[in-house]
Amino acid sequence: MTCFYCRGDMRESVTVYTVQLETCLVVIRNVPCFECAQCGEVEISDETMRSLERIVDTCKKLVQEVAVVDYRMAA
Ligand SMILES: [Zn+2]
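Scoring rules and cut-offs
- Residues numbered from 1 in each chain as written.
- Predicted model: local features only at pLDDT ≥ 70, side-chain atom pairs only at ≥ 80, totals over all residues.
- Heavy atoms only, no water.
- Donors = N, O, S within 2.8 Å, 3.2 Å for Na, K, Ca; no water.
- Tetrahedral: all angles 85-135°; square planar, octahedral: opposite > 155°, others 65-115°.
- Helix = DSSP H or I, 4+ residues; strand = E, 2+ residues; numbered from the N terminus.
- Buried < 20%, exposed > 50% of the residue type's maximum accessible area, 1.4 Å probe, protein only.
- Expected span 1.5 Å × (residues − 1).
- Arc of directions from axis to C-beta.
- Salt bridge = Lys/Arg side-chain N within 4 Å of Asp/Glu carboxyl O.

Structural notes on the coordination of the zinc ion
Argument step 1. Taken together, Cys3 (SG), Cys6 (SG), Cys36 (SG) and Cys39 (SG) make up the full set of protein donors to the zinc ion, lying 2.3 Å away.
Argument step 2. Classification of the site at the zinc ion rests on its four donor atoms, whose angles at the metal span 99 to 115°, yielding the label tetrahedral.
Argument step 3. Coordination of the zinc ion draws on donor residues from a single chain, spaced C-x2-C-x29-C-x2-C in sequence. Linking cysteine 6 in the segment before strand E1 (10-20) with cysteine 36 in strand E2 (residues 25-36), this pair joins segments that are 30 residues apart in sequence.
Argument step 4. You can call cysteine 6 partly exposed: its relative accessible area is 27%.
Argument step 5. Classification of cysteine 36 by relative accessible area gives buried; the value is 3%.

Right, dumping it as structure tokens:
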């Protein structure tokens, strides 16, 4: 896999995904992704994005201010 921006090598990595909602902030750690070795661009697969949406949805109902979730525990 090559980077969309600079054509560098994309490597498997983990990232932090943060969403600011109306009522709370959700921070999801250890999200699997591909990261460009050259420019640092991060890409998250469609499948992972769907899991993230699910986690965010759950947090929306449960959390009042800030939620910090570990992807490996929640997905
Ligand atoms: Zn790149």
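This is not the end of the story, as more comes after the structure.
A closer look at helix H1 (residues 46-62)
Argument step 1. Taking 1.5 Å per residue as the helical rise, H1 with its 17 residues ought to reach 24 Å, and the 25 Å between its terminal C-alpha atoms agrees with that figure.
Argument step 2. Taken as a whole, H1 has its buried residues at Thr48, Ser51, Leu52, Ile55, Val56 and Cys59. Projected down its long axis, H1 shows its buried positions confined to an angular sector of 140°, all on one face. Of the exposed residues in H1, the ones pointing more than 90 degrees away from its buried face are Asp46, Glu47, Arg50, Glu53, Arg54 and Lys61.

Description of the pattern of salt bridges
Argument step 1. Taken as a whole and judged by the stated rule, the model has two salt bridges.
Argument step 2. The partner of lysine 60 in a salt bridge is aspartate 57, with the nearest N and O atoms 3.5 Å apart. Highlighted residues: lysine 60 and aspartate 57, both in helix H1, separated by three residues, approximately one helical turn.
Argument step 3. In this structure lysine 60 comes out as partly exposed when scored by relative accessible area, which is 44%.
Argument step 4. You can call aspartate 57 partly exposed: its relative accessible area is 38%.
Argument step 5. Between arginine 72 and aspartate 70 there is a salt bridge, with its nearest N and O atoms 3.5 Å apart.

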